Structures are given as structure tokens and as C-alpha cells.
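# Observations on the model geometry
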Amino acid sequence: MIEAWMSADDIAEHLGVTKHTIYGWINDRSMPAHKIGRLWKFKASEVDEWVRTGGAATTDELDEL
């Protein structure tokens, strides 16, 4: 089965954060995202793996790992 692309609103809801946080993570923490035209699109599996490996963690949280 092919995984559907998600919008910034969709992925923000999926993670329980704001869309503003998503855009910050793209710029500051290399969140996996793909720019299609002027829109950012996401694969939930890529984002979930990024979260599991500490991509969304703060610097303090990474120091504790």
C-alpha cells in the first residue's frame, strides 16, 4: 500500500503540536519534509522515525540520552 502525503496541518495534528512548531522543526532540526511547489508535505512514517530517534527532542533532552 502506498503511504499518503500529509500536509503541515495533518502532521501537526498527528504529533499534537502547532503548525508553527512544525515549520520551526523543519528549519532548526531537519525534520523530514518535502517541498512540493510552495507547500510542505510529509510522510508519517518518516516523521515518526525522526521523532523516535530524538529529532524532536530539546538539547537538554538529547544530553540525557
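Before any of the text, the structure's been laid out above.
Before going into details, it helps to say that this report is about the structure given with it. Owing to the predicted nature of the structure, the values given are computational and were not obtained by experimental measurement.

## Section: helix H2 (residues 19–29)
Every buried residue of H2 is accounted for by Ile22, Trp25 and Ile26. One face of H2 carries all of its buried residues, which in axial projection span an arc of 100 degrees. The exposed residues of H2 that point more than 90 degrees off its buried face are His20, Asn27 and Asp28. Positioned one or two residues after H2, serine 30 has a phi angle of 55 degrees, which is positive.

## Some points on the pattern of salt bridges
Applying the stated criterion across every chain yields a total of 2 salt bridges. Here aspartate 9 makes a salt bridge to lysine 19, at a shortest N to O gap of 3.4 Å. Here the residue aspartate 9 occupies a position in helix H1 (residues 8–15), and lysine 19 occupies one in helix H2, the gap between them amounting to 10 residues. The class for aspartate 9 is partly exposed, based on a relative accessible area of 46%. Owing to a relative accessible area of 35%, lysine 19 belongs among the partly exposed residues under this scheme. Across the pair arginine 52 and glutamate 49 runs a salt bridge, and its minimum N-O distance is 3.5 Å. A residue pair is termed a helical-turn pair when its members lie 3 or 4 positions apart in one helix, as arginine 52 and glutamate 49 do in helix H3 (residues 44–52) at 3 residues. Classification of arginine 52 as exposed rests on a relative accessible area of 61%.

Criteria and cut-off values
Residues numbered from 1 in each chain as written. Predicted model: local features only at pLDDT ≥ 70, side-chain atom pairs only at ≥ 80, totals over all residues. Heavy atoms only, no water. Buried < 20%, exposed > 50% of the residue type's maximum accessible area, 1.4 Å probe, protein only. Helix = DSSP H or I, 4+ residues; strand = E, 2+ residues; numbered from the N terminus. Arc of directions from axis to C-beta. Salt bridge = Lys/Arg side-chain N within 4 Å of Asp/Glu carboxyl O.

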